[in-house]
Amino acid sequence: MRLTALIGAALALATALPATAQVAPRYAPKPYVTLTHPAWSRDATLYQINTRQFTPEGTFKAAEAQLPRLKALGVDIIWLMPIQPIGVKNRKGSLGSPYSVRDYRAVNPEFGTLADLKSFVAAAHKLGMHVILDWVANHSAWDNALATQHPDWYDRDWKGDFRPTPWFDWSDIVDFDYSKPGLRQYMTQSMAYWLRAADIDGFRCDVAALVPIDFWENARAELSAIKPVFMLAEADIAEHHRRAFDASYAWMWGDTLANISQGKAGADALYGYYSATETSWPHEAMRMLFTSNHDKNSWEGTEFERFGPNLSNAIVLSFVSEGIPLIYNGQEAGNDKRLAFFERDPIKWRDHPNAALLTRLTALKKAHPALWNGEWGARMVPVVNSAPAQVLSFTRTKGNDKFLALFNMSDKPVTVTLKDGPYAGRYTDWDGGAGVTLTDGASVTLSAWSHRVLIGAK
């Protein structure tokens, strides 16, 4: 009887509580990301310039003359590889790596003068574009003056000597020790110097994962107090996005696509990347998607080598799936050469179908909110199809703006049946403009290594 009475009392109490009981504020979710993205990054496409190879002259002045062309291509944010003087001690090749910085507050005379850089940035701004500098915070050249003036700012090996980053073949540089407050102040103030001296709009931060996150968070706060900045981390760490970085590298995306293109995996191998992006990363994070960059091109192969006949799929996917796209200089010219890293090796510019494709894609991204970057854009919703090892399919919808994208990442044509997902509706085919109506259980035919991008009809 006692147990029955207790149960009855508990039930009476439960039914007496209001249906919408007030929850203590401490249980409310708190925003994970606390930084503010610059408004101009909303639908932006990045473009990386390797100044040494970008023009026959290899200078800022020559690069400035190309800005109207980049504007017409649809570029919004230009990333300049390191612009500082390069170390001579232990230099690799005849010209050295731009990531071996001899002076953080000077311009490499190979590229021009500070006035030339300022002119380049001002011309980009006049065209509505923004410019970010590559920043090498993890290490310096052996003959950087800091090595003599502040030897305590550098890391040491087991013998007590300066050392390059361990386990890598980076013999032309020496690592900093970020336990030193003076180094942190100097590096942050050096970044701020370029915002003031050349009106730079942010930074791409080299090997950002090797520098403490709290350094980046403080640096972002100080830089943002000067002007809105865009920060790109060469890293794939979700925590970087809390207070420091707008964008980060999607290494896994590109490497997985290369494996698919080379027959080492099926299209469904991308599920792991997209699942992690949705479940483990904040929606505000802009994951940078690319088919080439200076590292991939020089050390692993051109995009033609890595993606083969799947290249157009990879390029289109970098624009229509979640992420911020990158164009590496020369892609629009179909550059099929591994550019030398330590020598002059200018790009051979030519007309190529990639230019028209990229121009169409940048315009498509700008025109459709569903494809915008980070929190401004729409989440991808998987569409289950009958051949997942061959075909990747998904939708993105924001308000009345809807996309259905299908990619056949195999060397065989395929007809797939769509089984589940919010795909039904009327569309316009991005290629050709034909009207398409899909009902439940619809089938779509794709030729080998091809895609269909369908825009929802309003």
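Everything numeric here is computed off the predicted structure, so don't read it as measured data.

Chemist: Explain the sheet that holds strand β10 (residues 324–328) to me, and be specific about the residues and the numbers.
Modeler: In space, the 8 strands of this closed barrel follow the order β1-β2-β3-β6-β7-β8-β9-β10, with parallel pairing throughout. Looking at each pair of strands side by side, their axes are set apart by 25 degrees on average, direction ignored. Strand direction decides the pairing type here: strand β6 (residues 202–205) and strand β7 (residues 230–233), joined by 4 bridges, are parallel. Across the sheet, the residue bridging to R204 is L232, located in β7. Against the sheet, helix α7 (residues 181–198) touches β3 (130–135), β6 and β7, its axis set at about 150 degrees to β3.

Chemist: Explain the pattern of salt bridges residue by residue, including any values.
Modeler: Within the structure shown, the criterion is met by 24 salt bridges. Here D431 ties to R360 by a salt bridge, and the two come within 3.0 Å at their closest N and O atoms. In this pair, D431 sits in the loop between β16 (425–429) and β17 (435–438) while R360 sits in helix α15 (residues 353–367), placing the two residues 71 residues apart along the sequence. Using a relative accessible area of 34% as the deciding quantity, one classes R360 as partly exposed. What emerges from the salt-bridge pattern is a single network uniting D134, R204, D206 and E234.

Chemist: Got a sec to walk through the pairing of strand β14 (residues 401–408)? Specific residues and values, please.
Modeler: Counting buried residues in β14 gives 8 out of 8 residues, a clear majority hidden from the surface. Side chains D401, F403, A405 and F407 project from β14 onto one buried face, and the interleaved K402, L404, L406 and N408 project onto a second face that is buried too. Looking at chain direction, strand β13 (residues 391–398) and β14 are connected through 8 bridges and run antiparallel. Note that in β14 the partner of T397 across the bridge is K402. Counted along the chain from β13 to the antiparallel partner β14, the turn is 2 residues long, and its residue G399 has a positive phi close to 60 degrees.

Chemist: Residues and numbers for α7, please.
Modeler: Compared with the 26 Å implied by 1.5 Å per residue over 18 residues, the 26 Å span of α7 between its first and last C-alpha is a close match. The secondary structure elements touched by the buried residues of α7 are α5 (114–126), β3, α6 (146–149), β6, α8 (213–224) and β7. One or two steps after α7, the chain reaches D199, where phi turns positive at roughly 60 degrees.

Chemist: Residue-level account of the packing of aromatic side chains, with values.
Modeler: A full pass over the atoms with the stated rule returns 25 aromatic pairs. Ring centres of Y154 and F176 lie 4.7 Å apart, and the angle between their planes is 35 degrees; on these two criteria the pair is classed as tilted. With a gap of 22 residues between them, Y154 in the loop between α6 and β5 (173–175) and F176 in the loop between β5 and α7 connect regions that are remote in the sequence. The buried category is assigned to Y154, whose relative accessible area is 2%. The class of F176 is buried, set by a relative accessible area of 5%. Consider the rings of Y273 and Y274, whose centres lie 5.2 Å apart with planes at 70 degrees: the pair is edge-to-face. Judged by its relative accessible area of 11%, Y274 falls in the buried class. Among the aromatic side chains, those forming a connected cluster through ring pairs are Y104, W135, W153, Y154, F162, F176, Y186 and F203. Looking at R69, its charged tip hangs above the ring of W349, at a distance of 4.5 Å from the centre. Positioned above the aromatic ring of W430, the side-chain terminus of R360 is 3.9 Å from the ring centre.

The rules behind these values
- Residues numbered from 1 in each chain as written.
- Predicted model: local features only at pLDDT ≥ 70, side-chain atom pairs only at ≥ 80, totals over all residues.
- Heavy atoms only, no water.
- Pairing = 2+ DSSP bridges.
- Helix = DSSP H or I, 4+ residues; strand = E, 2+ residues; numbered from the N terminus.
- Axes fitted to C-alpha atoms, helices over the stretch in contact; angles between N-to-C directions.
- Contact = heavy atoms within 4.5 Å.
- Salt bridge = Lys/Arg side-chain N within 4 Å of Asp/Glu carboxyl O.
- Buried < 20%, exposed > 50% of the residue type's maximum accessible area, 1.4 Å probe, protein only.
- Expected span 1.5 Å × (residues − 1).
- Phe/Tyr/Trp six-rings, centres within 6.5 Å; stacked < 30°, edge-to-face > 60°.
- Lys NZ or Arg CZ within 6 Å of the ring centre and 35° of its normal.

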